[in-house]
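Descriptive analysis of the structure
This is what each chain is made of:
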Amino acid sequence: MVYLFIGGDSLSKNIQFKKIRQEYLVKETEEFNLDILYAKGLDLKDLQSRLLCLPVKSPKRIVALRDAQELKEEVKGFILQYVKKPPKQVVFILDFNRQEGKDAFLSSLFRYSKVFTFKDVPRSDTFTLSRQINMNKPDYALKVLNQLLKMGEKPERILGGLRYVWEKDTAADFAMKRRLNLLLNCDLDIKTGRMKPHFALEKLVVSLCGLAKPLH
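Residues numbered from 1 in each chain as written. Predicted model: local features only at pLDDT ≥ 70, side-chain atom pairs only at ≥ 80, totals over all residues. Heavy atoms only, no water.

Across its full length, the protein chain carries nine helices and five strands. Relative to its length of 216 residues, the protein chain is extended, with a C-alpha radius of gyration of 22 Å against a globular reference of 17 Å. Overall, the C-alpha framework of the protein chain stretches about 65 × 40 × 25 Å when taken along its three principal axes. Put simply, the protein chain has 216 residues, and 43% of those count as buried. Once local pairs closer than 6 in sequence are excluded, the contacts in the protein chain between residues at least 24 apart make up 74%. About 12700 Å² of surface is accessible on the protein chain, with carbon and sulfur atoms providing 53% of the total. Computed over 39 positive and 26 negative side-chain charges, the separation of the two mean positions in the protein chain equals 3 Å. (Helix = DSSP H or I, 4+ residues; strand = E, 2+ residues; numbered from the N terminus. Rg over C-alpha atoms; globule rule 2.2 N^0.38 Å. Buried < 20%, exposed > 50% of the residue type's maximum accessible area, 1.4 Å probe, protein only. Contact = heavy atoms within 4.5 Å. Areas by Shrake-Rupley, 256 points an atom, 1.4 Å probe, with all protein chains shown as cover. Lys, Arg positive; Asp, Glu negative; His and termini not counted. Charge placed at Lys NZ, Arg CZ, Asp CG, Glu CD.)

Right under this line is the structure:
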């Protein structure tokens with residue numbers, strides 16, 4: 001009943017998390033049986049109270065702990081004891097964004113957990129996004145875009161960042177007008193409400209990647 005998620009690919013993690021929810025939770029009572037906690041600043045008593053709760057009209061409940069690499073030492077100590085004999089009615093998911101070298105805490109958890117590892121995604125900023133676009137890699141570019149949006153980056157800042165990168169790139173002169181025109185059209189789609197920002201940006205990324213000649 002203990003799962004470890006390790007890696008930076010949040011999209012793949014969310015897909016796996018959804019599968020676990022569908023396996024263990026009853027849709028009608030899911031909101032009463034799902035707790036999502038964040039490790040940074042989490043007190044031991046708060047975690048204990050969630051793990052001790054009984055399911056409501058469901059055989060199981062899920063406690064998911066995000067950013068588990070940020071846990072306090074006293075909370076880690078409790079978890080190491082908890083996972084040795086977890087209650088059958090609780091599914092406990094520990095989500096680590098990264099594994100830093102030889103992590104004694106993680107190594108101890110492996111023995112008592114089902115482990116899912118996820119590939120790290122490229123660093124998420126507009127420079128990385130523009131580089132993936134220049135290399136005509138729409139799959140990676142869309143992953144970076146989704147990461148930026150999940151991090152709370154605003155669409156206008158993403159557009160502004162791409163414009164800034166390409167205006168500084170003298171090698172992109174031949175494609176500059178076409179790219180700036182696509183940026184302008186995306187901006188208009190968002191501001192006029194013709195498309196939701198997320199879809200407008202995805203359309204933009206695919207269009208930019210579709211330009212004939214990749215840049216290096």
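Next up on the list: the sheet that holds strand β2 (residues 34-38). One open sheet accounts for five strands, arranged β2-β3-β4-β1-β5; its pairing is parallel. Here the strands that pair on one side only, and so sit at the sheet edges, are β2 and β5 (114-117). Across the sheet, the mean angle from the axis of one strand to that of its neighbour is 15 degrees, orientation sign disregarded. Pairing of β2 with strand β3 (residues 61-66) involves five bridges; the strand directions are parallel. Each bridged residue has a counterpart across the sheet, and for Leu37 the counterpart in β3 is Leu65. (Pairing = 2+ DSSP bridges. Axes fitted to C-alpha atoms, helices over the stretch in contact; angles between N-to-C directions.)

Here we come to the packing of aromatic side chains. Each pair of aromatic rings is reported with the distance of its centres and the angle of its planes. The final tally for this structure, using the stated rule, is seven aromatic pairs. Ring centres of Phe5 and Phe116 lie 5.7 Å apart, and the angle between their planes is 90 degrees; this geometry places the pair in the edge-to-face category. Residue Phe5 is found in strand β1 (residues 2-6), and its partner Phe116 is found in strand β5; the two are separated by 111 residues along the sequence. Note on accessibility: Phe5 and Phe116 belong to one class, buried. Ring centres 5.6 Å apart and planes at 85 degrees place the aromatic pair Tyr82 and Phe92 in the edge-to-face group. Here the residue Tyr82 occupies a position in helix α3 (residues 73-82), and Phe92 occupies one in strand β4 (residues 90-96), the gap between them amounting to ten residues. Take Tyr82: its relative accessible area is 11%, and that puts it in the buried class. For Phe92, a relative accessible area of 0% corresponds to the buried category. (Phe/Tyr/Trp six-rings, centres within 6.5 Å; stacked < 30°, edge-to-face > 60°.)

This part takes up the nonpolar core. Residues Leu65, Leu71, Ile79, Phe92, Leu94 and Phe96 are the most contacted members of the largest nonpolar core, which totals 24 residues. Top contributing element to this core by residue count: β4, with four residues. When sequence neighbours within four positions are dropped, the list of residues in contact with Phe96 reads Leu4, Phe5, Ile6, Gly7, Lys13, Ala68, Gln69, Phe105, Leu106 and Leu109. By size, the runner-up hydrophobic cluster in this structure holds 20 residues, among which are Leu148, Leu159, Ala200 and Leu208. (Core = buried A, V, L, I, M, F, W, Y, C linked by side-chain atoms within 4.5 Å.)

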